[in-house]
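Secondary and tertiary structure notes
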Amino acid sequence: MTDARSVFGGGVLAVTGGGSGVGEGLARYGASLGMKVAIADIDMEAARAVADDLVASGTDAIAVHTDVRDAGSVDAFFATVYDTLGPVTLAINNAGVEQFGYLWEVPAEDWQRVLDINVTGVFNGVRSVVPRMAEAGIPAHIWNLSSIGGIGAAPRQAPYIVSKHSTLALTECLKLEVEAAGYDITVAAVLPGPVVSRIFERAGGDSEAGALEREAMFKVGESAMPALEAAERIFAQAADGAFYLSTHPEMTGYLMNGRAEQLRAQSAPQLPVEA
Ligand SMILES: NC(=O)c1ccc[n+]([C@@H]2O[C@H](COP(=O)([O-])OP(=O)(O)OC[C@H]3O[C@@H](n4cnc5c(N)ncnc54)[C@H](O)[C@@H]3O)[C@@H](O)[C@H]2O)c1
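Here's a quick rundown of the structure. Just so it is clear, the structure is predicted and the values come from calculations on it, not from any experiment.

All told, the structure shown has nine aromatic pairs when counted by the stated rule. Between the aromatic rings of Phe-8 and Trp-143, the centroid separation amounts to 5.6 Å while the plane-to-plane angle is 80 degrees, which identifies the pairing as edge-to-face. Of this pair, Phe-8 sits in helix α1 (residues 4–8) while Trp-143 sits in strand β5 (residues 140–145); the two residues are 135 residues apart in sequence, bridging distant segments of the chain. One exposure class covers both Phe-8 and Trp-143, and it is buried. Ring centres of Phe-77 and Phe-78 lie 5.0 Å apart, and the angle between their planes is 55 degrees; this geometry places the pair in the tilted category. Residues Phe-77 and Phe-78 agree in their burial class; the two are buried. Site record: aromatic cluster; members linked through ring pairs are Phe-8, Tyr-29, Trp-143 and Phe-235.

Below is the structure:
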């Protein structure tokens, strides 16, 4: 097992949505490895609280108000990071939101919001940081947040599931493209299982089906993994060179095997028994 500190220590971590949950855990764990940290978030109060806390414990950290839906805003974030902290060695496109309810009940603006943040937000990060990493010419990493929801299908969260399948596909294509272009950039897809965060309380979707799903997800959240432990697992796998970074490897493996078997047999998706 490679020590994450030897791979990532001394570098610059830039994370979108780093003011809460998974992104905050990754920011704090990166700081504990000796990285400088830049936090982009639409919630500036949350981003500043995390950055201030890191600065107080001796980390070089900044918070930058960013809306990942806006390419210019994301580009301004990375420009600030390169100017103030130096070349980014780990960019994490993490900001994301949830949506509950049946597809036909989802307001058009909520569908758009999920895709704009969860998919276009990741694209905006990639298109801004890859040329900067290539120009800096030092080894660098890009992690994009998919989810265990990016592996299979599930009812009553379709916009989210669609966005996480999309992000996984984007990340797989990106891995091939940086190789084809000859860049020294290591690309990985993060597929968390349940991690303590605020994603469900902020989720859209108040229909009857949406409320049922929200309740079910809050139940799942009761046994969620602390974000710092999730980050430690993600960093350890990345240091070992894994492409799929998982917080709950058994759950991820079970779902991947189920998906592989479904595609191999060309069988239709099935509702889980309790659905
Ligand atoms: N928590 C889990 O169990 C879990 C599981 C699988 C995947 N994920 C993924 O992890 C990522 C982080 O989610 P989380 O669970 O930590 O949620 P969270 O709500 O706790 O944190 C998300 C952060 O993103 C920020 N954000 C939202 N919209 C933004 C925008 N337009 N621009 C910039 N920042 C924005 C929020 O302000 C917040 O700080 C998401 O991509 C999510 O899909 C989480």
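There's more to say after this.
So, on to helix α6 (residues 158–181). Over its 24 residues, α6 runs 34 Å from end to end, which matches the ideal 34 Å to within 8%, given 1.5 Å per residue. Residues of α6 that are buried: Ala-158, Pro-159, Tyr-160, Ile-161, Ser-163, Lys-164, Thr-167, Leu-168, Thr-171, Leu-174 and Val-178. Gly-182 occupies a position one or two residues after α6 and carries a positive phi of about 80 degrees.

Moving on: the site of the ligand. Ser-20, Asp-41, Asn-94, Tyr-160 and Ser-197 are the nearest of the 29 residues found near the ligand. Take Val-22: an N or O atom from its main chain is 2.8 Å from an oxygen atom of the ligand. In the environment of the ligand, an oxygen atom lies 2.8 Å from a nitrogen or oxygen atom belonging to the backbone of Asn-94. Those elements giving two or more residues to the shell around the ligand turn out to be α2 (21–32) and α6. Residue classes in the shell around the ligand are distributed as eleven nonpolar, eleven polar and seven charged.

With that out of the way, let us pick up the sheet that holds strand β2 (residues 36–41). Taken in spatial order, the seven strands make up an open sheet running β3-β2-β1-β4-β5-β6-β7, and their pairing is parallel. Edge positions in the sheet fall to β3 (61–65) and β7 (244–246), since each of these pairs with one other strand and no more. Sheet twist, expressed as the average angle between the axes of neighbouring strands with direction ignored, equals 20 degrees. The pairing of β2 with β3 spans five bridges and is parallel. Paired with Val-37 across the bridge in β3 is Ala-61. Docked against the sheet, helix α8 (residues 227–239) engages β1 (12–16), β4 (90–93), β5, β6 (185–191) and β7, running at close to 150 degrees with respect to β7.

The rules behind the values
- Residues numbered from 1 in each chain as written.
- Predicted model: local features only at pLDDT ≥ 70, side-chain atom pairs only at ≥ 80, totals over all residues.
- Heavy atoms only, no water.
- Phe/Tyr/Trp six-rings, centres within 6.5 Å; stacked < 30°, edge-to-face > 60°.
- Helix = DSSP H or I, 4+ residues; strand = E, 2+ residues; numbered from the N terminus.
- Buried < 20%, exposed > 50% of the residue type's maximum accessible area, 1.4 Å probe, protein only.
- Expected span 1.5 Å × (residues − 1).
- Near = heavy atom within 4 Å.
- Polar contact = N/O pair within 3.5 Å; in protein donor to acceptor, adjacent residues only side chain to side chain.
- Nonpolar A, V, L, I, M, F, W, Y, C, P; charged D, E, K, R; others polar.
- Pairing = 2+ DSSP bridges.
- Axes fitted to C-alpha atoms, helices over the stretch in contact; angles between N-to-C directions.
- Contact = heavy atoms within 4.5 Å.

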